[in-house]
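Report on the structure
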Amino acid sequence: MISISSNSFAAIAAMFSLLFIFSSMQCHAQLSSTFYDRTCPNALNTIRTSVRQAVSRERRMAASLIRLHFHDCFVQGCDASILLDETPTIVSEKTALPNLGSARGYGIIEDAKRELEKTCPGIVSCADILAVAARDASTLVGGPTWAVKLGRRDSTTASHTLAETDLPGPFDPLNRLISCFASKGLSTRDMVALSGAHSIGQAQCFLFRDRIYGNGTDIDAGFASTRRRQCPKEDQNGNLAPLDLVTPNQLDNNYFKNLRQRKGLLQSDQVLLSGGSTDDIVSEYSNSPRAFASDFAAAMIRMGDISPLTGQNGIIRTVCGSLN
């Protein structure tokens, strides 16, 4: 029989205690689709109701909610920093050029948060509401669904500067797009799949004016002529045009079919099929709606994993636009 001294036993017990604490911290730091099952079991239904009402009023809001989650995650990670309003100590991301006058849906997130605070005060983060709203928005316009991983917490800061440097732009060349996504841990395939969100939504005239008036070889002449009707050479910068003329309110693979016909509205769309490394992926998605839907869902999950605040990091905001 092996004899263990009291000192040795105490040391072993302490070691196991530390291992247990470490293990618990690791588990706590991991996002999980069941995170609110006990603390706020109706959280997902509450968010879904707010999103459904918003999209039923305006189909375009589905695109705006997906974009809002995307613009949040690419700046400081998925921490709801995009929702913070301007204060003497916060320079809001809302006023950064990629968001100014185009990012929408803030009120929908606040509506969902307000309802959640009635039943589960201080439990559900604004960052998680953004992630769930994006998934629900996809589903409501015919796109794929996925199990959203939850447990993010909200930031106490925003970064106007990063919002102007870290978000991909409508004029970016392919290599810039690839490196931009890679810097967030997303693959080239993820980038192409996520670009498929441009199957829905609209763009402002000044973002595609040069493309439709440039007489380039990478744009269909008839398509360019059609788009000029709502986008004159000068003025009316804010005139809107659907990113996909064929099924503008349906999240599907038609976006990739458009690229094969040189009918991508933004320059950053058409560069995905321009003789480069993404051509084969575009062709695959244009031929297989199932492949696109599957990869889009997987890429949205990976995007939701970008640098979340978990455990004791960050806070749970009571109002998404301000600190507690």
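Up top is the structure these notes are about.
Below you will find a few notes about this structure. Just so it is clear, the model here is predicted, and its values are computed rather than measured.

So, how was this worked out
Residues numbered from 1 in each chain as written. Predicted model: local features only at pLDDT ≥ 70, side-chain atom pairs only at ≥ 80, totals over all residues. Heavy atoms only, no water. Helix = DSSP H or I, 4+ residues; strand = E, 2+ residues; numbered from the N terminus. Buried < 20%, exposed > 50% of the residue type's maximum accessible area, 1.4 Å probe, protein only. Contact = heavy atoms within 4.5 Å. Areas by Shrake-Rupley, 256 points an atom, 1.4 Å probe, with all protein chains shown as cover. Lys, Arg positive; Asp, Glu negative; His and termini not counted. Charge placed at Lys NZ, Arg CZ, Asp CG, Glu CD. Salt bridge = Lys/Arg side-chain N within 4 Å of Asp/Glu carboxyl O. Phe/Tyr/Trp six-rings, centres within 6.5 Å; stacked < 30°, edge-to-face > 60°. Core = buried A, V, L, I, M, F, W, Y, C linked by side-chain atoms within 4.5 Å. Disulfide = S-S within 2.5 Å. Axes fitted to C-alpha atoms, helices over the stretch in contact; angles between N-to-C directions. Parallel < 35°, antiparallel > 145°, perpendicular 65-115°, else oblique. Left-handed = near helix turned anticlockwise from the far one by under 90°. Nonpolar A, V, L, I, M, F, W, Y, C, P; charged D, E, K, R; others polar.

**A word on the overall build of the protein chain**
- Along the protein chain, the regular secondary structure elements total 14 helices and 2 strands.
- Each of the three principal axes of the protein chain carries a C-alpha extent, and together these read 85 × 45 × 35 Å.
- The proportion of buried residues among the 324 residues of the protein chain is 47%.
- Contacts spanning at least 24 positions in sequence make up 75% of the contacts within the protein chain whose residues lie at least 6 apart.
- As displayed, the protein chain has an accessible area near 15,400 Å², and 55% of this comes from carbon and sulfur atoms.
- Between the mean site of the 32 positive side-chain charges and the mean site of the 31 negative ones, the protein chain shows a separation of 5 Å.

**Topic: the pattern of salt bridges**
- Counted according to the given criterion, the structure contains 14 salt bridges.
- Here K94 makes a salt bridge to D85, at a shortest N to O gap of 2.5 Å.
- Judged by its relative accessible area of 19%, K94 falls in the buried class.
- As a salt-bridge pair, K113 and E117 come within 2.9 Å of each other at their nearest N and O atoms. Highlighted residues: K113 and E117, both in helix α4 (residues 106–119), separated by 4 residues, approximately one helical turn.
- Among the residues examined, K113 registers a relative accessible area of 1% and is labelled buried.
- You can call E117 buried: its relative accessible area is 17%.
- Look at the salt bridges and you will find they share partners, linking R189, E284 and D295 into a network.

**Digging into the packing of aromatic side chains**
- A full pass over the atoms with the stated rule returns 10 aromatic pairs.
- Residues F292 and F296 carry aromatic rings whose centres are separated by 5.6 Å and whose planes lie at 50° to one another, so their mutual orientation is tilted. Of the two residues, F292 and F296 are both situated in helix α14 (residues 289–303); the distance of 4 residues between them amounts to about one turn of the helix. Both residues of the pair, F292 and F296, count as buried.
- One aromatic cluster is present, built from ring pairs that chain together W146, Y255, F256, Y285, F292 and F296.

**Quick word on the environment of A197**
- Here A197 lies in the loop between α8 (188–195) and β1 (202–204).
- Residue classification places A197 among the buried positions, given a relative accessible area of 15%.
- Apart from the residues lying within four places of it in its own chain, the contact partners of A197 are I66, L251 and F296.

**Describing the nonpolar core**
- Ranked by internal contacts, the top residues of the largest apolar core, which has 74 residues, are F74, L83, I109, L272 and M303.
- Per-element accounting of this core gives the leading share, 9 residues, to helix α5 (residues 126–140).
- Apart from the residues within four sequence positions on either side, M303 is in contact with H69, F70, C73, F74, C78, L186 and L194.

**Considering the state of the cysteines**
- Following the criterion strictly, the structure yields 4 disulfides and no others.
- Across a sulfur-sulfur distance of 2.1 Å, C40 and C120 are joined as a disulfide pair. An S-S torsion of about 85° defines the bridge between C40 and C120 as right-handed. Of the two residues, C40 is situated in the loop between α1 (6–29) and α2 (43–57) and C120 in the loop between α4 and α5; the sequence distance between them amounts to 80 residues.
- By relative accessible area, C120 is classed as buried at 8%.

**Focus on the packing of α8 against helix α13 (residues 279–287)**
- Two elements in contact, α8 and α13, have axes whose closest approach is 10 Å; the angle formed by their N-to-C orientations is 45°. Comparing the axis directions of α8 and α13 gives the class oblique. The handedness of the crossing between α8 and α13 comes out as right-handed. Contacts from T188, R189, V192 and A193 of α8 reach α13 at I281, V282, E284 and Y285.
- Here the residues of the contact of α8 with α13 are counted per class, giving 5 nonpolar, 1 polar and 2 charged.

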